[in-house]
Amino acid sequence: MRKPVIAGNWKMYKLHDEAVNTALELKNQVANATHCEVIIAPVFTALKTVADRTEGSNVNVAAQDCSTHTEHSANTGEVCADMIKDVGASHIIIGHSERRQFYGETDESVNEKTKACLYFGLTAIVCVGESLAERESGNAQTVVKTQLNGALKGLTVSDMERIIIAYEPVWAIGTGKTATPEQAQEMHAFIRGVLAETQSEESAENTRILYGGSVKPANVRELMSENDIDGALVGGASLDATSFAQIVNYK
Ligand code: PEP
């Protein structure tokens, strides 16, 4: 049984106090949600307070990125995964399409960051997804397979226990265009097939694969009814506690 995961990516939104207030509102509104794991990813500057104020609740905290480096070193502007763990976060989002598109993230750096995250015992939410041009040219599966194999290169079956995959078609992120449940299910089943080939049947069966791309209270239930969709990575609709709580409480 794969326990669903509903994760909110707050991107570069919310000053410190706003982030804390939203987290506290959310904590109340999802207090009875035992059917899924709830994760929020505020900006680095709010991580510690949000983690402190949600401690002991069913809200887990993620960072949105980390350094490829695992040694404390002269890398201005970088944040080591153990620093993220140190302030109470349990997960890190890695390889989000905005980082791939605008900040030079490659399959190699995604792989290094994933390993850094695992090295310190955190769970990695590894994002993959094709662009509109790649989908329209019939290359969506090839692109996703390459990203997946690149991100997970060198990982063992036991490492896979701390990997969550997020399938986020770039054309559906922040655009209001959601993949249909059938399109998402098709890619999720494909991803599970790739994991079965490259890892093991068992880890493919156990790995949670989240869908991301304009998930909202109005479409989450339909997406979650698909066999291989194990949760959602939500951007815009996670910024408001009530809207995100409605997504969490999709059942
Ligand atoms: C995201 O940023 O990961 C995302 C899926 O954004 P949105 O829900 O706004 O499309």
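A brief look at the structure comes next. (Residues numbered from 1 in each chain as written. Predicted model: local features only at pLDDT ≥ 70, side-chain atom pairs only at ≥ 80, totals over all residues. Heavy atoms only, no water.)

Below, the discussion takes up helix 2 (residues 44–54). Residue pairs spaced three or four apart in an α-helix point in one direction, given the helix's 3.6 residues per turn. Ala 46, Leu 47, Val 50, Ala 51 and Thr 54 are the residues of helix 2 that are buried. One face of helix 2 carries all of its buried residues, which in axial projection span an arc of 135°. Two residues or fewer past helix 2, Gly 56 is found with a positive phi of approximately 85°. (Buried < 20%, exposed > 50% of the residue type's maximum accessible area, 1.4 Å probe, protein only. Helix = DSSP H or I, 4+ residues; strand = E, 2+ residues; numbered from the N terminus. Arc of directions from axis to C-beta.)

A separate point is the packing of helix 1 (residues 16–29) against helix 2. Running from N to C, helix 1 and helix 2 point in directions that differ by 30°, and their axes come no closer than 9 Å. Put simply, helix 1 runs roughly parallel to helix 2. With respect to the hand of their crossing, helix 1 and helix 2 are arranged in right-handed fashion. In this structure, helix 1 contributes His 16, Ala 19, Val 20, Ala 23, Leu 24 and Lys 27 to the contact, and helix 2 contributes Thr 45, Ala 46, Thr 49, Val 50, Arg 53 and Thr 54. Residue classes in the contact of helix 1 with helix 2 are distributed as six nonpolar, four polar and two charged. (Axes fitted to C-alpha atoms, helices over the stretch in contact; angles between N-to-C directions. Parallel < 35°, antiparallel > 145°, perpendicular 65-115°, else oblique. Left-handed = near helix turned anticlockwise from the far one by under 90°. Contact = heavy atoms within 4.5 Å. Nonpolar A, V, L, I, M, F, W, Y, C, P; charged D, E, K, R; others polar.)

Another point: the side chain of Glu 226. With respect to the helices and strands, Glu 226 occurs in the loop between helix 10 (220–224) and strand 8 (231–234). Here Glu 226 is buried and forms no salt bridge, its nearest opposite-charge partner Arg 2 lying at an N-O distance of 11 Å. (Lys, Arg positive; Asp, Glu negative; His and termini not counted. Salt bridge = Lys/Arg side-chain N within 4 Å of Asp/Glu carboxyl O.)

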